[in-house]
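Take a look at the letters that make up each chain.
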Amino acid sequence: MITIKVPCSSANIGPGFDVIGLSLSLWLELQVSVGDESAKGASHNCRITYEGQGAEDVDLSPDRNLITQTALYVLRCHDKREFPEPTHVHIKNPIPLGRGLGSSGAAVVAGVSLGNEIGKLGLSKDRLLDFCLMIERHPDNVAAALYGGFVGSYLKELDPDDMKRKEIPLAEVLPAPQGGVDTGLKPPIPPENIGKHIRFPWAPEIKCIAIIPDFEVSTAKARGVLPSSYEKADVIYNLQRVALLTTALGQSPPNAELIYDGMQDKFHQPYRKTLIPGLTEILQSVTPTSHPGLLGICLSGAGPTILALATTNFEQIAKHLCQQFEKEKINCRWELLEPAADGLTVEHGAKKESTGGMTYADAGVSIDSGNELVQSIKKAVASTRRPGADAEIGGFGGALDLKAAGYDEPPTLIQAIDGVGTKLKIAFAMDDFSTVGIDLVAMNVNDLIVQGAEPLTFMDYYACSKLDVRDATRFVEGVAEGCRQAGCALVGGETAEMPGMYQGKEFDAGGAATGALKRGRKVLPDKAAMREGDILIGLKSSGVHSNGFSLVRKIIEKVGLSFTDQAPWDKGTTVGKSLLEPTRIYVKPLKAAIDQEVLLGMAHITGGGLEDNIPRMLPKHLAAEMDVGTWPVPATLSWLKQAGKVTSREFARTWNTGLGMVIAVSADKVDAAMQALSSAGAEPLKVGRLIQNTGEGVVLKGIERWD
């Protein structure tokens, strides 16, 4: 069994007429059985069956069906007059025909791939594009469908005499292609490299709402209403917008004003309004102001489908647009789609569904991918083993031998659970998951160590719509790195593949850590031992750490930066890479000081900043007085404060301000504590003292320095 899958696509995206295409997550699928007994004696050695859109109109004759007609063209270019072996081609097509969603482009790509596979031709994707362009003649849809993603393309001039040859199938709109006649002659073979393409970046939070009216517009008819020449001003208008739009759609967070304006067009949409009732009014009925979350709107290809790009409020936007069509007495439906990153895919293997029984994979869950992930991460996981925990995965749970871990008497166990939060959004935008696993561990083990507990084991939870083994492996390798830094073993985890719960390659992650205190040791903080005049020691943060990223992303969006832009606070890196700097893990230096019993309490500075976290370690009658001039504020945080016009008070209760850990120490043990921390690699700073609480849990002196 050969399975060929090709995504639908939307062309133009406003101003990019015949230039830009976007593949979308609605897939044409061919199930190809070679050597099928049922195909023996069939015309051209091929039997076609079909299910899906337009089933009553699609021609099942191999020499008149666009997919097999295209495959025959490819085969005949390689001196094969028909399918080499009896072949059954079952077509599953959810792509609406004649609606501007690239149904013919998907069919052409599928047909070229079918010819390549059946003929065992070994053609590269670039060579497949050459064959596609002999048939489709404009590259926007086929390039997107073939390569996937958001694509720009162009077509070189072709020989006019070749283009007239009737052996070449001509794709307009399914189900009625033209050409592809078997004259007995060898068809014109496409020149090499007749089309070129480039993939543009696409911001992962941008989704596509397809409003699909219940009528067709033929490509030929839609092209027939276009003028043969354009005013210079209109050409400049479109060029200006397409030059900006291809970059704007890759920026995260997206700039709604730039995208909305950039999707305006004067080449095709104004002329096609005669074919689509109410088109102008419908396109103008939504804006980013009237419908928050909307980024832009356009006619999808030749229409009549409307494509709206948005980040939120999908249903509200879709229902509004459907209501606008209803005013024209046109019924429509809508689909929430996203870019199909893979484009054409071909899989070889026996079809397991021989009796009509469904498999877990049919529902979108791949057991094989899960098993592949386990194998790919075993080495990284094993590197975290420690006494008492062997860090072997694949069983039903993780084991911990407390005696082997150094606890001869039953200890006090401490547990923590946490996640990474919206910092993951930046990892998605940068396609970099190498550090967020460290963040996940840090958020848990830092919470354990402030209670005096040694982290012993860690378990993670990874939830996604479709498991991408490469992405998940990078993430777990980061988790393993965090565990090594903390000295705990990664003893297990859960990978949950849940189709429909998440969009595209997005995932969520959580983790839980277990730690222990030896019998006889107090769980910290020791509030009863704290006194006025005790000293506060700070340990520097590495940056933003893992909290406050909703505000971070809002500020980045407000100033018009993308995560791939150069960081204003560090010219040597990008915004995204800098913000992904992982949370510092403080376990080893703090454990060294805890073992010497010189600490009274610790506060891990996470969500809520200094003002919410420090009071959690203090008795009610004491407060923290801190001199903000005693520690440096990271350049990242200084820039965010200034760019977002964040008040100093809000700054202190949102981010860590440069301190990831604050420690209370009695005055007579400060030197010993500083020495223990320094010897273990930390850079401790004296940042304040404990005072009587008169109403404020944290008193910040010199706060005007931050302004």
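Residues numbered from 1 in each chain as written. Predicted model: local features only at pLDDT ≥ 70, side-chain atom pairs only at ≥ 80, totals over all residues. Heavy atoms only, no water.

Enquirer: For this particular structure, what's the right way to read the overall build of the chain?
Expert: Helix and strand counts for the chain stand at 22 helices and 25 strands. With the principal axes as the frame, the chain shows a C-alpha extent of 100 × 60 × 45 Å. By the burial criterion, 55% of the 707 residues in the chain qualify as buried. Considering only contacts within the chain whose residues lie at least 6 apart along the sequence, 80% involve residues at least 24 apart. For the chain, the exposed area adds up to about 29600 Å²; of that, 49% sits on carbon and sulfur atoms. Placing the 72 positive and 85 negative side-chain charges of the chain at their respective mean positions leaves the two points 3 Å apart. (Helix = DSSP H or I, 4+ residues; strand = E, 2+ residues; numbered from the N terminus. Buried < 20%, exposed > 50% of the residue type's maximum accessible area, 1.4 Å probe, protein only. Contact = heavy atoms within 4.5 Å. Areas by Shrake-Rupley, 256 points an atom, 1.4 Å probe, with all protein chains shown as cover. Lys, Arg positive; Asp, Glu negative; His and termini not counted. Charge placed at Lys NZ, Arg CZ, Asp CG, Glu CD.)

Enquirer: Sorry, what's going on with the sheet that holds strand 15 (residues 454-464) here?
Expert: Backbone-to-backbone hydrogen bonds pair the strands of a sheet. The strands run either parallel or antiparallel. Here we have four strands laid out as an open sheet, ordered 14-17-15-16, and mixed in their pairing. On the outer flanks of this sheet lie strand 14 (412-419) and strand 16 (489-497), each paired with one strand and no other. Each strand axis lies, on average, 15° off the axis of its neighbour in the sheet, ignoring direction. Looking at chain direction, strand 15 and strand 17 (residues 507-517) are connected through ten bridges and run antiparallel. Paired with E454 across the two strands is A516, which belongs to strand 17. The sheet contacts of helix 15 (residues 469-486) involve strand 15, strand 16 and strand 17, and relative to strand 15 the element is tilted by about 165°. (Pairing = 2+ DSSP bridges. Axes fitted to C-alpha atoms, helices over the stretch in contact; angles between N-to-C directions.)

Enquirer: Please clarify how the domain arrangement of the chain should be interpreted in this entry.
Expert: In many analyses, interface size is given as the accessible surface area lost on bringing the parts together. Taken domain by domain, the chain holds domain 1 (2-199), domain 2 (207-311), domain 3 (367-517) and domain 4 (534-706). With 29 residues of domain 3 in contact, the opposing surface of domain 4 contributes 29 residues. Both faces combined, the contact of domain 3 with domain 4 buries some 2300 Å², and carbon together with sulfur accounts for 71% of it. Taken as a group, K423, I426 and I449 account for 26% of the area that domain 3 buries against domain 4, more than any other trio of residues on that side. Seen at the junction of domain 3 and domain 4, the total is zero salt bridges. Taken together, the links from domain 3 to domain 4 amount to eleven residue pairs in polar contact (both at pLDDT 80 or more). The element best represented in the side of domain 3 that touches domain 4 is helix 14 (residues 436-449), accounting for ten residues. Among the residues forming the side of domain 3 that touches domain 4, the class breakdown is 15 nonpolar, seven polar and seven charged. (Domains from an automatic or database assignment. Buried area = accessible area lost by both parts, 1.4 Å probe. Salt bridge = Lys/Arg side-chain N within 4 Å of Asp/Glu carboxyl O. Polar contact = N/O pair within 3.5 Å; in protein donor to acceptor, adjacent residues only side chain to side chain. Nonpolar A, V, L, I, M, F, W, Y, C, P; charged D, E, K, R; others polar.)

Enquirer: Help me understand unusual backbone geometry in this model?
Expert: The general pattern is negative phi for most residues beyond glycine and trans for most peptide bonds. In this structure, the amide linkage connecting G303 to the following residue, P304, adopts the cis form with an omega of 5°. In the segment running from L524 into P525, the intervening peptide bond is cis, with an omega of 10°. Within the secondary structure, P525 sits in the loop between strand 17 and strand 18 (535-540). Even without being glycine, N313 reaches a positive phi, approximately 55°. Summarising the element assignment, N313 is placed in the loop between strand 11 (306-310) and helix 11 (314-327). Judged by its relative accessible area of 33%, N313 falls in the partly exposed class.

Enquirer: Is there a simple way to explain helix 4 (residues 139-147) in this structure?
Expert: Residues spaced three or four apart along an α-helix point in a common direction, a consequence of the helix completing one turn every 3.6 residues. Among the nine residues that make up helix 4, nine are buried, leaving the element largely enclosed by the rest of the structure. Burial in helix 4 covers these residues: P139, D140, N141, V142, A143, A144, A145, L146 and Y147. On the buried face of helix 4, the contacting elements are strand 1 (2-12), strand 2 (16-34), helix 2 (103-118), helix 3 (125-136), strand 5 (150-155) and strand 8 (195-200). At the exit of helix 4 stands G148, carrying a positive phi of roughly 85°.

Enquirer: It is not clear to me how the nonpolar core should be interpreted in this structure. Could you clarify?
Expert: Soluble, globular proteins show a tendency: their nonpolar side chains are buried together. Core analysis: the biggest nonpolar cluster contains 106 residues, and F475, L579, L590, L599, I614, M626 and I663 have the highest contact counts within it. Inspection of this core shows a minimum of three residues originating in each of domain 3 (367-517) and domain 4 (534-706). With sequence-adjacent residues up to four places away left out, M626 is seen in contact with L536, I614, W631, L659, V662, V687, G688, V698, V699, L700 and K701. (Core = buried A, V, L, I, M, F, W, Y, C linked by side-chain atoms within 4.5 Å.)

Enquirer: Explanation requested: the sheet that holds strand 12 (residues 332-337) in the structure shown.
Expert: The sheet built from four strands is open, its strands ordered 10-11-9-12 with antiparallel pairing. Edge positions in the open sheet fall to strand 10 (294-299) and strand 12, since each of these has one partner strand only. Geometrically, the sheet is characterised by an average inter-axis angle of 20° between neighbouring strands, direction not taken into account.

Enquirer: Before we go on, may I ask you to explain the state of the cysteines in this structure?
Expert: What is meant by a disulfide is a covalent connection between two cysteines, made through their sulfur atoms. Applying the stated rule across the entire model yields zero disulfides. Here C77 stays free of any disulfide, with the sulfur of C132 as its closest cysteine sulfur at 12 Å. For C77, a relative accessible area of 4% corresponds to the buried category. For the unlinked cysteine C332, the closest cysteine sulfur is that of C322, found at 3.5 Å. (Disulfide = S-S within 2.5 Å.)

Enquirer: Would you take a moment to explain the packing of helix 2 against helix 4 for this structure?
Expert: When two helices pack together, their arrangement is given by the angle between the helix axes and by the axis-to-axis distance. Following both chains from N to C, one finds helix 2 and helix 4 inclined at 55°, their axes separated by 8 Å at the closest point. Viewed along their axes, helix 2 and helix 4 adopt a mutual orientation that is oblique. Our pair here, helix 2 against helix 4, has a crossing hand that is right-handed. Of helix 4, the residues touching helix 2 (which contributes G105, V108 and V109) are V142, A145 and L146. Among the residues forming the contact of helix 2 with helix 4, the class breakdown is five nonpolar, one polar and no charged. (Parallel < 35°, antiparallel > 145°, perpendicular 65-115°, else oblique. Left-handed = near helix turned anticlockwise from the far one by under 90°.)

Enquirer: It is not clear to me how the pairing of strand 16 should be interpreted in this structure. Could you clarify?
Expert: Side chains on a regular strand alternate between the two faces of the sheet. Sheet topology note: the strand 15/strand 16 ladder contains eight bridges and is parallel. For D460, the partnering residue across the bridge sits in strand 16 and is G493. Considered for its hand, the β-α-β crossover made up of strand 15, helix 15 and strand 16 is right-handed. (Right-handed = clockwise from strand over helix to strand, strands pointing away.)

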